[in-house]
Amino acid sequence: MTEPLIYDIGSPGRIGARLPDCDVPETPIPADLLRAELDLPEVSELQVVRHFTRLSTLNYSIDKGFYPLGSCTMKYNPKLNEDTARLPGFAALHPLTDGEGSQGALALMYQLQNWLAEISGFKAVSLAPAAGAQGEFAGILMIRKYHLDRGDTKRTKILIPNTAHGTNPATVTMAGFTAVELPADEMGDVDLTALRAACDDTVAGMMITVPNTLGLFESKILDVIKAVHDCGGLMYMDGANMNALMGIVKPGELGFDVMHYNLHKTFSTPHGGGGPGSGPVGVGDKLKPFLPGPVVQIVEEADEENETPLYGMVMPEKSIGRLKAFHGNFGMHVRAFTYIRIHGDEGIKSISRHAALNANYIRAKLQDTYHIPYNRYCGHEFVLEGHFEGVENVHALDISKRLMDYGFHPPTNYFPLLVPEALMIEPTETEDKATLDEFIDAMKKIAAEAHENPDLLRSAPHTAPVSRLDEVRAAKQLVLCCRPIPEWAG
Ligand SMILES: *Cc1c(COP(=O)(O)O)cnc(C)c1O
């Protein structure tokens, strides 16, 4: 640790603020609040400001540089989204405000529901889920209720390809189903023979991530959907990766029955730090009555007297119920609304085209230097193997740590599990060619270093304020004190 502690920069007698002499009677501070044993640093105001400003810049962030973390679509959050979310009419609206007093917010949610439905080709959308994983949970509960509602109780399984996101099998298990894993073929697609063999009348449905966690679009998706529908199952699409598909493919039109969106991935609402997120679900006709609620509907059409319609919150007829208090994370709805409104039809389409173009550019430039399994045209991200033939003991982790020395955030490490030493790279559409070229250059230099001086990688990072941490212990024994804890504090 090279950063000085604030205790080291103080010196006796230095003070932060000077006040004029007191012209009112002084009240002594209660003795039990004064603790002489607190060895507080004596510092000037400027020293404090500089100290904390320096600390605030030690963390890497998207505002500082390129952040190719795969499967997270860690996209830039436009500042305009923050302005609109902070408009007092939205930010200060109490969730218990009656319908009449919240028409503006309801109109925004109604419009967002419709736009999300339009983008994905679904019939209806609920904004209730608070995260992608909660959207998944809602979707699988809807599938469950759909079958039970028809009196069909034998369907206990959900099929999941091994290229699915990890939350998919977790969701299925939480909803009380058995997850049945399907293998991928040599192209990285679902193995159709294995799928057909697994389809029978105990299958409630299939949950599939598109593009999958290899960044690949399922090339036989229509055959997959047909096989599952033919045995009476429903199709769930994990739509967290819609960043690659918008304006190009509509899952609802492909035949999917339900899908969740990640507003905090595809629609630029903040991500990281644990929330709040937003994972709306879109459905076709079959599942519309089961949507989690409440959803916004027009309860009174506009007429000669009222030029705008009256919006209200409605619980769908056979709803799986509520997923959280109130109406989802409304601040995220405002941000996503702003993003879609700013971009419009053409803009939304060009986002996906550029996300795919940027990922494919890096893939093509690195394919002679790194081993890329399933090396074909990808969506918004791709996966390469972070190790080198003939170089012992250099792992994906070492490449990632060395990237930090070159000023980049590492890609996702060791995910997906079906690629050994996986490095999952997702540039997003917001990056320009110069940035991508710098990253490609760094990756090539690191490959050369691995052969010439592998210790440089094994001992990286060399420029970060702290080097390799024991991440498990850091999480389990969290110490928030910047010095050894004094004995008196236990
Ligand atoms: C991120 C992600 C999820 C989970 O979304 P959360 O909002 O983190 O719960 C699910 N599926 C895929 C493909 C994802 O990338």
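Residues numbered from 1 in each chain as written. Predicted model: local features only at pLDDT ≥ 70, side-chain atom pairs only at ≥ 80, totals over all residues. Heavy atoms only, no water.

Lining the immediate environment of the ligand, one finds 14 residues, of which Gly 132, Ala 133, Asp 238, His 264 and Lys 265 sit closest. Measuring from a nitrogen atom of the ligand, one finds a side-chain N or O atom of His 165 at 3.4 Å. Residue Asn 262 places a side-chain N or O atom 3.1 Å away from an oxygen atom belonging to the ligand. Calculation on the ligand without its partners gives an accessible area of 380 Å², and the protein chains cover 86% of this total. (Near = heavy atom within 4 Å. Polar contact = N/O pair within 3.5 Å; in protein donor to acceptor, adjacent residues only side chain to side chain. Areas by Shrake-Rupley, 256 points an atom, 1.4 Å probe, with all protein chains shown as cover.)

This part covers the domain arrangement of the chain. Each assigned domain of the chain is listed here: domain 1 (1-58), domain 2 (79-341) and domain 3 (356-476). For domain 1 versus domain 3, the distance between C-alpha centres works out to 43 Å. (Domains from an automatic or database assignment.)

Moving on: the nonpolar core. Generally speaking, nonpolar side chains in soluble globular proteins are found buried as a group. With 51 residues, the main nonpolar core has Leu 116, Leu 195, Met 206, Ile 208, Phe 256 and Phe 267 as its most contacted residues. Broken down by secondary-structure element, the contributors of at least two residues to this core are helix H5 (103-120), helix H8 (192-198), strand S4 (203-209), helix H9 (221-230), strand S5 (234-239), strand S6 (258-261) and helix H12 (330-366). The residues touching Phe 267, leaving out its near neighbours within four places in the chain, are Leu 116, Ile 119, Met 246, Tyr 261, Asn 262, Ala 336, Tyr 339 and Ile 340. Of all hydrophobic cores here, the second largest spans 33 residues; its members include Phe 66, Val 394, Ile 440 and Ile 446. (Core = buried A, V, L, I, M, F, W, Y, C linked by side-chain atoms within 4.5 Å. Buried < 20%, exposed > 50% of the residue type's maximum accessible area, 1.4 Å probe, protein only. Helix = DSSP H or I, 4+ residues; strand = E, 2+ residues; numbered from the N terminus. Contact = heavy atoms within 4.5 Å.)

With an omega of -15°, the peptide bond between Val 210 and Pro 211 qualifies as cis. When you line up the elements, Pro 211 lands in the loop between S4 and H9. Of note, the bond from Gly 293 into Pro 294 is cis; its omega dihedral lies within 30 degrees of zero at -5°. In this structure, Pro 294 sits in the loop between strand S7 (281-283) and strand S8 (295-300). The residue Asn 393 is not glycine, and still its phi comes out positive at about 60°. Within the element layout of this structure, Asn 393 appears in the loop between strand S10 (382-385) and helix H13 (396-405). Owing to a relative accessible area of 52%, Asn 393 belongs among the exposed residues under this scheme.

Each pair of packed helices can be described by the angle between their axes along with the distance between the axes. In contact at an axis separation of 9 Å, helix H6 (residues 132-149) and helix H7 (residues 167-174) are set at 45° when each is read in the N-to-C sense. One way to sum up the angle between H6 and H7 is to call them oblique. Along this stretch, H6 crosses H7, giving a crossing that reads as right-handed. Taken together, the residues of H7 that come into contact with H6 (itself represented by Ala 133, Glu 136, Phe 137 and Ile 140) are Thr 167, Asn 168, Thr 171 and Met 174. Its residues assigned to classes, the contact of H6 with H7 comprises four nonpolar, three polar and one charged. (Axes fitted to C-alpha atoms, helices over the stretch in contact; angles between N-to-C directions. Parallel < 35°, antiparallel > 145°, perpendicular 65-115°, else oblique. Left-handed = near helix turned anticlockwise from the far one by under 90°. Nonpolar A, V, L, I, M, F, W, Y, C, P; charged D, E, K, R; others polar.)

On to empty space enclosed by the protein. In the structure shown here, the tally under the stated rule is one cavity of 30 Å³ or more. Counted as a void, the largest cavity has a volume near 40 Å³. If you go around the largest cavity, the residues you meet are Leu 214, Leu 216, Ile 372, Pro 373, Tyr 374, Cys 378, Phe 382 and Val 383. Of the residues that constitute the lining of the largest cavity, the class distribution is eight nonpolar, no polar and no charged. (1 Å grid on protein atoms, 1.4 Å probe; cavity = no way out; pocket = protein on both sides within 12 Å on 5 of 7 lines; lining within 4 Å. Points joined across faces, edges and corners; volume = space filled by probe spheres on them.)

Attention now goes to the sheet that holds strand S11 (residues 412-413). Spatial ordering of the open sheet is given by S10-S12-S11, a layout of three strands whose pairing is antiparallel. Pairing within the sheet leaves two strands with one partner each, and these edge strands are S10 and S11. (Pairing = 2+ DSSP bridges.)

Right, let's talk about the pattern of salt bridges for a bit. Throughout the structure, instances matching the rule amount to 21 salt bridges. Between Glu 82 and Arg 86 there is a salt bridge; the shortest N-O distance is 2.8 Å. Looking at Arg 86, the relative accessible area reads 54%, which means it is exposed. Between Asp 152 and Arg 155 there is a salt bridge, with its nearest N and O atoms 2.7 Å apart. What makes Arg 155 buried here is its relative accessible area of 12%. Salt bridges sharing common partners tie together Arg 150, Asp 152, Lys 154 and Arg 155. (Salt bridge = Lys/Arg side-chain N within 4 Å of Asp/Glu carboxyl O.)

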